[in-house]
There are 2 protein chains.
Amino acid sequence: MLLFYAPDIMGNTYVLSELESKHVLKVLRKGIGDVIFLTDGKGNMFHTRIIGTDVKACMVEVEHVERDYCPLPYQLHIAVAPTKNTDRLEWFAEKAVEIGISRISTIVCDNSERSMVKADRLQRVMVSAMKQSLRARLPQLDVNLSFTDILQEYKEPSVLKLIAYCGVSPVEKLPIKQVVKAGQPVVVLIGPEGDFSQQEFHTALRQGFIPVTLGDMRLRTETAAMYVCAAVSVVNQ
Amino acid sequence: MLLFYAPDIMGNTYVLSELESKHVLKVLRKGIGDVIFLTDGKGNMFHTRIIGTDVKACMVEVEHVERDYCPLPYQLHIAVAPTKNTDRLEWFAEKAVEIGISRISTIVCDNSERSMVKADRLQRVMVSAMKQSLRARLPQLDVNLSFTDILQEYKEPSVLKLIAYCGVSPVEKLPIKQVVKAGQPVVVLIGPEGDFSQQEFHTALRQGFIPVTLGDMRLRTETAAMYVCAAVSVVNQ
């Protein structure tokens, strides 16, 4: 099964982008009548058939739509401080989309090695991972949020709010699997290599965030974020 | 804390390699009397002090040894078909060492896109990840095993034997978290992008391997292997 991204699909026909048209017609050698799948990244899976073979503008006709295709059985938002090396953040985004995540944010922290992230490149990695893993939902992405933005956003008590912290905590840090419950929406904050500052950590605690530990190993930022993603997926299995 | 690898450490003094000597003395600007940590990758953590500052042969004296430093609370062996792109396999090895694993093997499968892997490069990645994550145990690595080698090796019933398989199975595939028990040694087989062949799968079943599912998502080989690693770690938390 081959999946293509059609964020702006509407109506009964659709023209693929030049790049995807070339891929479908030249690389995969598809032709009139062949079936390909499209997603809008909003949960819809379109079964389509090729009706036009312009190599720069492959046209398809929608035959059938599956709404809410393979929904993620949980809501997970990871807000992560970007890594110094962009590859590592992109790598996390790819793996998170494959495993399952509903939202990725990058946050600017006191100890951030890098603050500004370009959304478009990260978005491309995520689209590619969505297609690869046959998902029909592109996670929300927002970059360069301030730590305060994130805290402000989570006032509702229905979301489980966690912060992964390596430093000393006034309250016991529980293993993540002990606090995540299947089906409960969760937001997890992952700090930079130098960890969250004490001030950030205590501000988060006052806002109702629960400190968690990912074990006694020292994980890189992107490994910690990916580990959380896998842990939430495992709990929800 | 900075950790260096000294696989052949014996006695009371040790001379770092040229590369590590340069790192300690030139990059980190350490000098006589400064403390650095060494591990032999066999579970021992050596607290040492610099006693010689030859930039090509930094000499240290062992002050104290911690035996069985931060042992992994579980035994996990992942045997994985190498990915077409070597980076992806190396990436898995790095993450697995960070999260915790006792042995990594690469296996040659019917549908392997690549069969031969060079051990030395993978080993370097693992050493680097061990130092980075402050572990004192370098997981065992063996490359290019045949599928049969692996099956032959696991005859003892004390090890939980799992195979991740995407195809149709005559027995129900359970989610991995339902079959892994905290503390029980486990071996997991992860196939190539084209999955294990039916023949491989059925041979494994006959040898007592239990089929597991990692969820309904289509994961790349290295993501599947890393997911298993995280899942076993989570279960053992």
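Structure's up top.
Only a predicted model underlies this, so the values are computations on that prediction, with no experimental measurement involved.

**Student:** Would you take a moment to explain the nonpolar core for this structure?
**Tutor:** Side chains of a nonpolar character, in soluble globular proteins, are inclined to be buried together. Ranked by size, the top nonpolar core spans 94 residues in total, and within it Ile78(A), Phe92(A), Ile78(B) and Phe92(B) carry the most contacts. Membership of the second largest hydrophobic core comes to 19 residues, among which are Ala81(B), Phe147(B), Leu151(B) and Phe201(B).

**Student:** Any chance you could explain the relation of the copies chain A and chain B here in plain terms?
**Tutor:** These two copies of the chain differ by a rotation about an axis and a displacement along the same axis. Of the transformation placing chain A onto chain B, the axial shift is 0.0 Å and the rotation is 180 degrees, giving an RMSD of 0.0 Å. Within this description, the copies of the chain are treated as partners about a two-fold rotation axis. A share of 100% of interface residues in chain A that are also interface residues in chain B marks the association as one of identical surfaces.

**Student:** Sorry, what's going on with the sheet that holds strand 6 (residues 76–80) of chain A here?
**Tutor:** Sheet strands pair via backbone hydrogen bonds, and the direction of the pair is either parallel or antiparallel. All names here are of chain A. Spatially, the seven strands line up as an open sheet ordered 8-7-6-11-9-12-10, and their pairing is parallel. The open sheet terminates on both sides in strands that have one partner only, identified here as strand 8 (140–146) and strand 10 (174–175). Direction of pairing for strand 10 relative to strand 12 (residues 210–213): parallel, over a ladder of two bridges. From the neighbouring strand, Leu174 faces strand 12, where its bridge partner is Val212. Each of strand 6 and strand 7 (103–108) touches helix 2 (residues 86–99); the most contacted strand, strand 7, lies at about 155 degrees to it.

**Student:** Help me out: how do you make sense of the layout of surface pockets in this one?
**Tutor:** Which parts of space are left empty comes out when a probe the size of a water molecule is rolled across the atoms. Of the volumes computed, that of the largest pocket is approximately 520 Å³. For the lining of the largest pocket, the elements supplying multiple residues, two or more each, are strand 12 and helix 7 (221–235) of chain A. Along the lines of polarity and charge, the residues of the lining of the largest pocket split into 10 nonpolar, six polar and six charged. Roughly 400 Å³ of internal volume is contained in the second largest pocket. Mapped by element, the contributors of at least two residues to the lining of the second largest pocket are strand 12 (210–213) and helix 7 (221–235) of chain B. For the lining of the second largest pocket, the class distribution of residues is 10 nonpolar, five polar and five charged.

**Student:** Just to check I follow, could you spell out the interface of chain A and chain B for this structure?
**Tutor:** On the side of chain B, 35 residues touch chain A, which itself brings 35 residues to the contact. Across the chain A to chain B interface the summed buried area is about 3,000 Å²; carbon plus sulfur atoms make up 49%. If you look at where chain A meets chain B, you find eight salt bridges. Between Arg220(B) and Glu98(A) there is a salt bridge, with the nearest N and O atoms lying 3.9 Å from each other.

**Student:** Explain the packing of helix 2 of chain A against helix 7 of chain A to me, please; I cannot follow it from the model alone.
**Tutor:** Two numbers describe a pair of packed helices, the interaxial angle and the distance between the axes. Residue and element names in this part refer to chain A. Interhelical geometry of helix 2 versus helix 7 gives an angle of 5 degrees and a closest axis separation of 9 Å. Classed by the angle they form, the pair helix 2 and helix 7 counts as roughly parallel. Counting all contacts with helix 2, which are made through Arg88, Trp91, Phe92, Lys95, Ala96 and Ile99, the residues of helix 7 involved are Glu222, Thr223, Ala225, Met226, Cys229, Ala230 and Ser233. Residue classes in the contact of helix 2 with helix 7 are distributed as eight nonpolar, two polar and three charged.

Reading guide: rules and limits
Residues numbered from 1 in each chain as written. Chains lettered and ligands numbered in written order. Predicted model: local features only at pLDDT ≥ 70, side-chain atom pairs only at ≥ 80, totals over all residues. Heavy atoms only, no water. Core = buried A, V, L, I, M, F, W, Y, C linked by side-chain atoms within 4.5 Å. Buried < 20%, exposed > 50% of the residue type's maximum accessible area, 1.4 Å probe, protein only. Least-squares fit on C-alpha atoms with pLDDT ≥ 70 in both. Contact = heavy atoms within 4.5 Å. Pairing = 2+ DSSP bridges. Helix = DSSP H or I, 4+ residues; strand = E, 2+ residues; numbered from the N terminus. Axes fitted to C-alpha atoms, helices over the stretch in contact; angles between N-to-C directions. 1 Å grid on protein atoms, 1.4 Å probe; cavity = no way out; pocket = protein on both sides within 12 Å on 5 of 7 lines; lining within 4 Å. Points joined across faces, edges and corners; volume = space filled by probe spheres on them. Nonpolar A, V, L, I, M, F, W, Y, C, P; charged D, E, K, R; others polar. Buried area = accessible area lost by both parts, 1.4 Å probe. Salt bridge = Lys/Arg side-chain N within 4 Å of Asp/Glu carboxyl O. Parallel < 35°, antiparallel > 145°, perpendicular 65-115°, else oblique.

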